Amino acid sequence: MGNLRIGQGYDVHELKEGLPMYLCGVRIDAPKGFVAHSDGDVAIHALCDALLGALALGDIGKLFPDNDPAYKGIDSKILLAKVMDKVREEGYRLVNADITIILERPKLRGSIDLMRETLAPILGCGTDCISVKATTTEHLGFTGREEGCASLAVCLLEKD
C-alpha cells in the first residue's frame, strides 16, 4: 500500500413529504426528507463510500446492508464512526474531505458550518480539512424536480 490514498463516493435518496432530512449529521428544516433504511444522510453515505473506496474495502452497503434490521433508522454518524475505525485499523488518517450536496431546496448555506463542525470530531480532524458545498441542478433531472437528493464526496488518506 502507498502512503496516500484517494477515494470517491456517491449516494442518492428519494425525497418524500413528512420525513426528516439529515445532511452531514445535521437535521435540516425541510418539508421533505429521505426515504431510506437508515436516516438517509446522503452526504455521510457518500463520504463513507469515499473512505472505504480509498482503502479498497468495498462500499457502505457491503459493511451495513440495507436489509439488516440492525441498521434500521440508524444515525449515519454512527456508521461514519465505524468506517473511521476501519480507516484507523488500516493505519491511515484523513488528510481532507470534500463533499458536494445536490439539492434544489432548501438552501443549505446557513447549515454548512454546523455540518463541518459535526463531522470534524468523527473524522478526527479540524474543520479546515472538511469542505461541504451545496448546489442545485437548475430544476433539471430528479434533483431539480425535488424527487431526490444526491451527494458526491472525495477524500485523501495518509498512512500514519
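Here, the structure is the one placed above.
This is a predicted model, so every value here is computed, not measured.

Cis geometry marks the peptide bond from arginine 105 to proline 106; its omega dihedral reads 0°. Its place among the elements puts proline 106 in the loop between strand 5 (92-102) and helix 4 (112-123). With a phi close to 70°, histidine 139 is a non-glycine residue in the positive phi region.

All right, on to the packing of helix 3 (residues 76-89) against helix 4 then. One way to put it is that helix 3 packs onto helix 4 with a least axis distance of 9 Å and a crossing angle of 35°. Considering only the axes of helix 3 and helix 4, their crossing is right-handed. Together, Lys77, Leu80, Ala81, Met84 and Arg88 of helix 3 and Thr118, Leu119, Ile122 and Leu123 of helix 4 make up the contact between the two elements.

Moving on: helix 4. Taking 1.5 Å as the rise per residue, helix 4 with 12 residues should run 16 Å; its terminal C-alpha atoms sit 16 Å apart, in good agreement. Among all positions of helix 4, only Ile112, Met115, Thr118, Leu119, Ala120, Ile122 and Leu123 are buried. Backbone geometry just after helix 4 places glycine 124 at a positive phi near 75°.

Leu23, Leu51, Leu80, Ile101, Met115 and Leu123 are the most contacted members of the largest nonpolar core, which has 48 residues in total. At the level of elements, strand 2 (21-23), strand 3 (26-28), helix 1 (42-54), helix 3, strand 5, helix 4, strand 6 (130-135) and strand 7 (148-159) are the ones that each hand at least two residues to this core. When residues in this core are grouped by element, the largest group, 10 residues, is from helix 1. With residues up to four places along the chain from it excluded, the contact list for leucine 23 reads Ile28, Phe34, Asp41, Val42, Ala43, Ile101, Leu103, Leu108, Met115 and Cys149.

Criteria and cut-off values
Residues numbered from 1 in each chain as written. Predicted model: local features only at pLDDT ≥ 70, side-chain atom pairs only at ≥ 80, totals over all residues. Heavy atoms only, no water. Helix = DSSP H or I, 4+ residues; strand = E, 2+ residues; numbered from the N terminus. Axes fitted to C-alpha atoms, helices over the stretch in contact; angles between N-to-C directions. Left-handed = near helix turned anticlockwise from the far one by under 90°. Contact = heavy atoms within 4.5 Å. Expected span 1.5 Å × (residues − 1). Buried < 20%, exposed > 50% of the residue type's maximum accessible area, 1.4 Å probe, protein only. Core = buried A, V, L, I, M, F, W, Y, C linked by side-chain atoms within 4.5 Å.

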